[in-house]
Amino acid sequence: MAIDLEVIAKERAIKYFLISYTDLFGAQRAKLVPASAIGGMARNGAGFAGFATWLDMSPADPDLFAIPDPDSLIQLPWKPEVGWLAADLWMDGKPLEQAPRNLLKRMVERAAAQGLEMKTGVECEFFLITPDGQAIADTADCHEKPCYDQLALMRRYDVITEICNAMQDLGWQPYQNDHEDANGQFEMNWNYDTALVTADRHAFFKYMAKSIAEKHGLRATFMPKPFSGLTGNGCHAHISLWRDGANVFCDEKGELGLSAMGYQFIAGLLHSAPALAALLNPTVNSYKRLNAPRTISGATWSPNSISYTGNNRTHMIRIPEGDRLELRLADGAANPYLLQAAILAAGLDGMENGRDPGRRLDINMYTDGHSVKDVATLPLNLLDALRALEASDVLNEALGAFIPSYLKLKKQEWNSFTAHLTTWERTTTLDC
Ligand code: ADP
Ligand code: MG
Ligand code: MG
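Residues numbered from 1 in each chain as written. Chains lettered and ligands numbered in written order. Predicted model: local features only at pLDDT ≥ 70, side-chain atom pairs only at ≥ 80, totals over all residues. Heavy atoms only, no water.

Visitor: What should I look at first to understand the site of ligand 1 in this one?
Guide: Residues in close proximity to ligand 1 total 17 residues, the closest being Glu123, Tyr175, Tyr192, Ser240 and Glu326. Between an oxygen atom of ligand 1 and a side-chain N or O atom of glutamate 187, the distance comes to 3.0 Å. The pocket occupied by ligand 1, as judged from atoms lying within 2 Å of grid points, is the largest pocket. Elements with a contribution of two residues or more to the shell around ligand 1: β8 (117-124), β10 (174-179), β11 (185-190), β14 (235-243) and β18 (324-327). (Near = heavy atom within 4 Å. Polar contact = N/O pair within 3.5 Å; in protein donor to acceptor, adjacent residues only side chain to side chain. 1 Å grid on protein atoms, 1.4 Å probe; cavity = no way out; pocket = protein on both sides within 12 Å on 5 of 7 lines; lining within 4 Å. Sits in = over half its atoms within 2 Å of the grid points. Helix = DSSP H or I, 4+ residues; strand = E, 2+ residues; numbered from the N terminus.)

Visitor: How should the packing of helix α3 (residues 100-112) against helix α9 (residues 336-352) be read in this particular structure?
Guide: Two packed helices can be described by the angle between their axes and the distance between those axes. Where α3 meets α9, the axes come as close as 8 Å, and the angle between the chain directions of the two elements is 25 degrees. Taken together, the axes of α3 and α9 lie roughly parallel to each other. Like other packed secondary-structure pairs, α3 and α9 cross with a definite hand, here left-handed. Only Tyr337, Leu338, Gln340, Ala341, Leu344, Ala345, Leu348 and Glu352 of α9 make contact with α3, whose side of the interface consists of Pro100, Arg101, Leu103, Leu104, Met107, Val108, Arg110 and Ala111. In the contact of α3 with α9, the residues fall into twelve nonpolar, one polar and three charged. (Axes fitted to C-alpha atoms, helices over the stretch in contact; angles between N-to-C directions. Parallel < 35°, antiparallel > 145°, perpendicular 65-115°, else oblique. Left-handed = near helix turned anticlockwise from the far one by under 90°. Contact = heavy atoms within 4.5 Å. Nonpolar A, V, L, I, M, F, W, Y, C, P; charged D, E, K, R; others polar.)

Visitor: What should I look at first to understand the coordination of the magnesium ion (ligand 3) in this one?
Guide: Around a metal, the ideal angle is 109.5 degrees if four donors adopt a tetrahedral arrangement and 90 or 180 degrees if six donors adopt an octahedral arrangement. Within the protein, Glu123 (OE), Glu123 (OE), His236 (ND1) and Glu326 (OE) serve as the donor atoms for the magnesium ion (ligand 3), at 2.0 to 2.7 Å. Donor residues for the magnesium ion (ligand 3), ordered by position in the chain, follow E-x112-H-x89-E. In this structure, the magnesium ion (ligand 3) is positioned 4.1 Å from the magnesium ion (ligand 2), and both are ligated by glutamate 123. Here glutamate 123, found in strand β8, pairs with glutamate 326, found in strand β18; they are 203 residues apart in sequence, far enough to count as distant. Residue classification places glutamate 326 among the buried residues on the basis of a relative accessible area of 0%. (Donors = N, O, S within 2.8 Å, 3.2 Å for Na, K, Ca; no water. Buried < 20%, exposed > 50% of the residue type's maximum accessible area, 1.4 Å probe, protein only.)

Visitor: Honestly, the pattern of salt bridges in this entry has me stumped. Any pointers?
Guide: Opposite charge on two side chains permits pairing when their charged atoms draw close. Under the defined criterion, the tally for this structure stands at 22 salt bridges. A salt bridge links arginine 101 to aspartate 69; the shortest N-O distance between them is 3.0 Å. Here arginine 101, found in helix α3, pairs with aspartate 69, found in the loop between β4 (64-68) and β5 (74-76); they are 32 residues apart in sequence, far enough to count as distant. Both residues of the pair, arginine 101 and aspartate 69, count as buried. Here aspartate 200 ties to arginine 101 by a salt bridge, and the two come within 2.7 Å at their closest N and O atoms. With aspartate 200 in helix α6 (residues 195-215) and arginine 101 in helix α3, this residue pair connects regions lying 99 residues apart in the sequence. The two residues aspartate 200 and arginine 101 agree in class, both being buried. (Salt bridge = Lys/Arg side-chain N within 4 Å of Asp/Glu carboxyl O.)

Visitor: Mind showing me how you'd approach empty space enclosed by the protein here?
Guide: Enumeration according to the criterion identifies two cavities of 30 Å³ or more in this entry. For the largest cavity, the calculated volume is near 70 Å³. In terms of lining, the largest cavity is formed by Ser20, Tyr21, Thr22, Ala86, Ala87, Asp88, Leu89, Ala99, Pro100, Arg101, Asn102 and Tyr337. Among the elements of the structure, β1 (16-22), β6 (79-91) and α3 are those that each provide at least two residues to the lining of the largest cavity. At four residues, the largest contribution of residues to the lining of the largest cavity is made by β6. A per-class count over the lining of the largest cavity returns seven nonpolar, three polar and two charged. Estimated volume of the second largest cavity: approximately 40 Å³. As for the second largest cavity, its lining consists of Glu144, Pro146, Asp181, Ala182, Asn183, Gly229, Leu230, Thr231, Thr295, Ile296 and Ser297. Residue classes in the lining of the second largest cavity are distributed as four nonpolar, five polar and two charged. (Points joined across faces, edges and corners; volume = space filled by probe spheres on them.)

Visitor: Could you clarify how one ought to interpret the domain arrangement of the protein chain in this entry?
Guide: Looking at the protein chain, the domain boundaries give domain 1 (13-96) and domain 2 (106-419). The interface of domain 1 with domain 2 comprises 18 residues on the first partner and 22 residues on the second. In total, about 1,700 Å² of surface goes out of reach between domain 1 and domain 2, with carbon and sulfur atoms giving 71% of it. One can count one salt bridge joining domain 1 with domain 2. Put simply, aspartate 56 and lysine 408 hold a salt bridge, and the shortest N to O gap is 2.7 Å. Counting across the interface, domain 1 meets domain 2 through four residue pairs in polar contact (both at pLDDT 80 or more). For the side of domain 1 that touches domain 2, the elements supplying multiple residues, two or more each, are β1, β5 and β6. Considering every element that reaches the side of domain 1 that touches domain 2, the biggest residue donor is β5, with three residues. (Domains from an automatic or database assignment. Buried area = accessible area lost by both parts, 1.4 Å probe.)

Visitor: So what exactly am I meant to see when it comes to unusual backbone geometry here?
Guide: Note: most residues except glycine have negative phi, and most peptide bonds are trans. In the Ramachandran plot, aspartate 56 falls in the positive-phi region, its phi being about 55 degrees despite a non-glycine side chain. Look at glutamine 173: it is not a glycine, yet its phi comes out positive at around 55 degrees. Position of glutamine 173 relative to the elements: it lies in the loop between α5 (157-169) and β10.

Visitor: Sorry, what's going on with helix α8 (residues 273-280) here?
Guide: Residues spaced three or four apart along an α-helix face the same direction, because each turn holds 3.6 residues. Burial of α8 is extensive: seven of the eight residues sit out of reach of the surface. Considered for burial, the residues of α8 that qualify are Ala273, Ala275, Leu276, Ala277, Ala278, Leu279 and Leu280. Those residues of α8 hidden inside the fold are in contact with α7 (260-271), β18, α9, α11 (382-390), α12 (393-399) and α13 (402-418).

Visitor: Is there a simple way to explain the packing of α11 against α13 in this structure?
Guide: One can describe the packing of α11 onto α13 by two numbers: an axis separation of 11 Å at closest approach and a directional angle of 160 degrees. The angle between α11 and α13 places the two elements in the roughly antiparallel class. Viewed along their axes, α11 and α13 form a crossing whose handedness is left-handed. Together, Leu382, Leu383, Leu386, Leu389 and Glu390 of α11 and Ile403, Tyr406, Leu407, Lys410, Lys411, Glu413 and Trp414 of α13 make up the contact between the two elements. By residue class, the composition of the contact of α11 with α13 is eight nonpolar, no polar and four charged.

Right under this line is the structure:
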């Protein structure tokens, strides 16, 4: 039976609901609704002027309605009288085609029609910086190889455990927290789940990490490359596919324990990789994490080429164990819903078309990548990635009207970037 939000509000002493949706650029937009009004909002949705957010709409469009999904309810751990709800967008009595959560639900249904369910876990790296955004907050966190630094991790005990305790109470099954490869960088891991649940949790995790960091006088950033020379914020996705409760990627007899379906899924991701980058590496800054020169710590940990491997972290796709694969492409700017939708679209294409991933590479891609001639490289900038997305039959077919909307808005962003006169240009060109 559907959850009745009015009843839940009384039972759990919820005074307000945040009816929230994620737009095409990953920004979360919300209305704060008193519990006394949630009955009507749950039926009809909260009204928004869609053009005011990144959705490719017109100011002349009728009202956009955000209809909350009661299954997504999360009481804010730092303010339990508020219940957060992920919403689906409707206009003119129909779901809005380009809305990211609607898009993911369509892809999940497409997989379900084949009896398949994708389960994923995401690794959302972030930095804790000063509120003005200028510097790493912990000035003592300055070592060359700071990964897993015990002292620096424990100096952030209060903020990390507040977030981890919250995940525990929410039933996400968190299992580890660490200091990552860049100064000031952290990662917190919780258990994988179905694509929609992981996308909602991913969206909420970003909101929660930012909110709790702010409470502690800090700022959390998921920006792909906030500091040149330091490792950037990745958002690796671990992926498995299930049928009737069984993981169809597992096959004891398969190479590295991975089934033929698993290899076809990999082939689908490789085939669409340049176009996927437009969605998984969605900002101008994303391309300073990909294709980056070696960082101070010794490695970027991000891919440059379109290749796959076994348990080796220098490639775009890693097979850590036969039960899953890890796509290391996405970064902290990836929209949680588009990330899952795009992975599913590309992976299903690999299976539907019986694609072949080619040979596995076991080399250190950072030092020996030049020794293999037939490996394609990832797009060098956002414009190249957008052009690859425009040309992708696979993603255009699967993601439909969302693609032209996304391309239109992202090309505007690229044009705004190129119209910007930089200090670098003046320094290198004044004396031309
Ligand atoms: P890494 O070794 O890449 O740093 P982490 O432990 O940080 O890995 O993250 C692994 C993620 O993969 C977690 O979210 C975990 O729940 C998830 N995961 C584990 N097994 C599976 C699986 N079979 N399918 C999908 N995700 C999985
Ligand atoms: Mg990890
Ligand atoms: Mg990883």
